[in-house]
Amino acid sequence: MKALHFTISFVYACSKITVGLLLHPYQTMQSLVREHVFLWLALLPTAVFVLAKAVWFFVLVPIVRYIFSCSTSGFFGCDLISFIANWLVLFCVYWQILLLYLTLRFAIAFRE
């Protein structure tokens, strides 16, 4: 029972920090660097990118190509596949750069 409570608390804390890193990264990263507990979540965009890339290539794209024959069909979703993939890659890259910059900035500021 104790392990269940720990797991629920851990998942809740990670999800709350994840939402914070998306909605207000400046304040969330400031508290993460100050507390040093969940600082590893600064690499969250990289994990999101790797997971999304795996799901994208091994699940979503084969299903869309199987259901809607993109070479013969005029389905607009086939054209959206590359657009959404590029958008997701750029979002994760810019988000990761922002979080690494904020981590470095607050680490230097709180060093004293």
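Keep in mind the model is a prediction, meaning the values are calculated, not measured. (Residues numbered from 1 in each chain as written. Predicted model: local features only at pLDDT ≥ 70, side-chain atom pairs only at ≥ 80, totals over all residues. Heavy atoms only, no water.)

Turning next to the overall build of the chain. When helices and strands are counted, the chain shows four helices and zero strands. Along the chain, from the amino end to the carboxyl end, the secondary structure elements read α-α-α-α. For 112 residues, the compact-globule formula gives about 13 Å, and the C-alpha radius of gyration of the chain, at 19 Å, lies well above that figure. Dimensions along the principal axes, computed over C-alpha positions, put the chain at roughly 65 × 40 × 20 Å. Looking at the chain residue by residue over its 112 residues, the buried ones come to 26%. Within the chain, counting contacts between residues at least 6 apart in sequence, those at least 24 apart form 71% of the total. As displayed, the chain offers around 8,300 Å² of accessible surface, 74% of which is attributable to carbon and sulfur atoms. (Helix = DSSP H or I, 4+ residues; strand = E, 2+ residues; numbered from the N terminus. Rg over C-alpha atoms; globule rule 2.2 N^0.38 Å. Buried < 20%, exposed > 50% of the residue type's maximum accessible area, 1.4 Å probe, protein only. Contact = heavy atoms within 4.5 Å. Areas by Shrake-Rupley, 256 points an atom, 1.4 Å probe, with all protein chains shown as cover.)

Taking 1.5 Å per residue as the helical rise, helix α3 (residues 44-67) with its 24 residues ought to reach 34 Å, and the 32 Å between its terminal C-alpha atoms agrees with that figure. If you look at α3, its biggest bend is around 45°, right at W56. When we look at burial in α3, the residues that qualify are L44, P45, A52, W56, V61 and V64. (Expected span 1.5 Å × (residues − 1). Bend = angle between axes of the 7 residues up to and from the residue.)

Here the focus is empty space enclosed by the protein. Empty pockets left among the atoms are what a rolling probe the size of a water molecule brings to light. Overall, the coordinates contain one cavity of 30 Å³ or more when judged by the stated rule. Empty space within the largest cavity amounts to approximately 60 Å³. Secondary-structure elements contributing two or more residues to the lining of the largest cavity are α3 and α4 (76-109). Among the elements that make up the lining of the largest cavity, the one with the highest residue count is α3 (four residues). Here the residues of the lining of the largest cavity sort into six nonpolar, no polar and one charged. (1 Å grid on protein atoms, 1.4 Å probe; cavity = no way out; pocket = protein on both sides within 12 Å on 5 of 7 lines; lining within 4 Å. Points joined across faces, edges and corners; volume = space filled by probe spheres on them. Nonpolar A, V, L, I, M, F, W, Y, C, P; charged D, E, K, R; others polar.)

Okay, the confidence of the model for the chain next. The predicted model of the chain averages 87 in pLDDT, with 90% of residues at 70 or higher. For the chain, α3 is the element with the lowest average pLDDT, namely 85, and helix α2 (residues 25-35) is the one with the highest, namely 93. (pLDDT = per-residue confidence, 0-100.)

Turning our eyes to something else, we now look at the packing of helix α1 (residues 2-23) against α2. Helix-helix packing: each pair is described by the crossing angle between the helix axes and the interaxial distance. Two numbers describe how α1 lies on α2: the axes approach to 6 Å, and their chain directions differ by 135°. Between α1 and α2, the interaxial angle falls into the category oblique. In contact with I17, G20, L21, L22 and L23 of α1, α2 contributes P25, T28, M29 and L32. (Axes fitted to C-alpha atoms, helices over the stretch in contact; angles between N-to-C directions. Parallel < 35°, antiparallel > 145°, perpendicular 65-115°, else oblique.)

Moving on, we get to the environment of L104. The residue L104 is located in helix α4 in this model. Here the alpha-carbon distance between L104 and V33, two residues 71 residues apart in the chain, equals 9.0 Å.

Considering all chains together, one arrives at eight aromatic pairs under this definition. On the basis of an interplanar angle of 20° and a centroid distance of 6.2 Å, the ring pair of F6 and F10 is categorised as stacked. Here F6 pairs with F10, and both are found in helix α1, just four residues apart, close to one helical turn. For F10, a relative accessible area of 34% corresponds to the partly exposed category. Consider the rings of W87 and F91, whose centres lie 5.4 Å apart with planes at 10°: the pair is stacked. (Phe/Tyr/Trp six-rings, centres within 6.5 Å; stacked < 30°, edge-to-face > 60°.)

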